[in-house]
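Chain and residue survey
As a plain string of letters, each chain reads:
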Amino acid sequence: AQSVTQLGSHVSVSEGALVLLRCNYSSSVPPYLFWYVQYPNQGLQLLLKYTSAATLVKGINGFEAEFKKSETSFHLTKPSAHMSDAAEYFCAVSNTDKLIFGTGTRLQVFP
Amino acid sequence: DAGVIQSPRHEVTEMGQEVTLRCKPISGHNSLFWYRQTMMRGLELLIYFNNNVPIDDSGMPEDRFSAKMPNASFSTLKIQPSEPRDSAVYFCASSLGEGYTEAFFGQGTRLTVV
């Protein structure tokens with residue numbers, strides 16, 4: 001069965017600091033991987049997706065993620081955090097028709 | 001396209017009452033998903049449809065929950081009778097139906113059962 005594990009339910013960074021949100025996946029076949037963001041009282045919005053093309057995937061709002069098969073990881077990074085990045089971030093995996101989500105990581109950004 | 005549309009945005013109901021949540025997917029999308037989000041359990045996939053046919057309902061918590069998709073542009077999730085533990089945010093999402101394409105989410109329905 002497919003699954004994703006997000007390490008750290010809460011991450012706090014200072015504005016301008018590096019953002020690193022961790023995601024490890026489990027899949028018996030090459031996976032499709034996604035990162036979504038959820039702002040308060042909103043639905044989920046796609047940040048980026050990996051579909052077996054380039055291993056480094058660039059998304060919206062300056063985020064990117066690198067697929068590392070050897071580490072079964074798909075960590076999300078952003079070089080410089082902005083206050084508006086404060087939200088909950090979800091990693092998800094799919095190789096059929098449905099998305100399976102991780103438990104989420106809440107990102108706090110301090111001035 | 002206006003995106004995935006859910007109604008109502010908020011629902012407060014008394015325990016034992018029937019609740020119906022509605023969803024209009026993005027036109028042309030072949031798959032529709034119902035998720036439930038709670039603090040304790042995170043995002044849970046309840047059921048999904050492909051071409052209006054239920055494919056996997058293993059996430060539906062119990063017989064009190066039922067979902068239908070009578071046509072490509074409408075789906076409902078019904079809870080009867082509702083219980084306080086059903087309080088959550090329910091999301092509907094749609095996608096083109098192939099595994100590598102992303103799902104587009106509605107704004108959610110916040111259900112409170114008192």
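Keep in mind that what you see is a predicted model, and the values were worked out from it rather than measured. (Residues numbered from 1 in each chain as written. Chains lettered and ligands numbered in written order. Predicted model: local features only at pLDDT ≥ 70, side-chain atom pairs only at ≥ 80, totals over all residues. Heavy atoms only, no water.)

**Describing the interface of chain A and chain B**
Note the following rule: Note on contacts: a residue pair qualifies if any of its non-hydrogen atoms lie within 4.5 Å across the two residues. When two components associate, each loses some accessible surface as probed by a 1.4 Å sphere; the sum of these losses over both components is called the buried area. In what follows, salt bridge is the name for a side-chain nitrogen of Lys or Arg lying within 4 Å of a carboxyl oxygen of Asp or Glu.
Contact residues are listed per partner, giving 18 residues for chain A and 21 residues for chain B. Taking both partners together, chain A and chain B bury about 1700 Å²; carbon and sulfur atoms supply 51% of that area. The largest contributions to the chain A side of the interface with chain B come from L44, D97 and K98 of chain A, which together make up 31% of the buried area. We note a salt bridge from E102 of chain B to K49 of chain A, for which the minimum N-O separation is 2.8 Å.

**Regarding the packing of aromatic side chains**
The test is simple: Two aromatic rings, drawn from Phe, Tyr or Trp (for Trp, its six-membered ring), form a pair once their centres lie within 6.5 Å of each other, and the interplanar angle then sorts them: stacked below 30 degrees, edge-to-face above 60, tilted otherwise. Elements are defined by DSSP. Helices are runs of H or I of four residues or more, strands are runs of E of two residues or more, and each kind is numbered from the N terminus. Whether a residue is buried, partly exposed or exposed follows from its accessible area with a 1.4 Å probe, protein chains only, as a fraction of its type maximum: under 20%, in between, or over 50%, in that order.
Enumeration over the complete set of coordinates arrives at 14 aromatic pairs over all chains. Look at Y25 of chain A and F67 of chain A: their rings are 5.6 Å apart centre to centre, the planes differ by 20°, and that puts the pair in the stacked class. Highlighted residues: Y25 of chain A in strand β3 (residues 19–26) and F67 of chain A in strand β7 (residues 64–68), separated in sequence by 42 residues. Accessibility expressed as a relative area gives 9% for Y25 of chain A, which makes it buried. On the basis of relative accessibility, which here comes to 10%, the residue F67 of chain A falls in the buried class. Ring centres 5.5 Å apart and planes at 65° place the aromatic pair Y36 of chain A and F101 of chain A in the edge-to-face group. With Y36 of chain A in strand β4 (residues 32–38) and F101 of chain A in strand β10 (residues 100–101), this pair connects stretches of sequence that are 65 residues apart. One exposure class covers both Y36 of chain A and F101 of chain A, and it is buried. Taken together, the ring pairs in this structure connect F34, Y36, F90 and F101 of chain A together with F33, Y35, Y48, F91 and F105 of chain B into an aromatic cluster.

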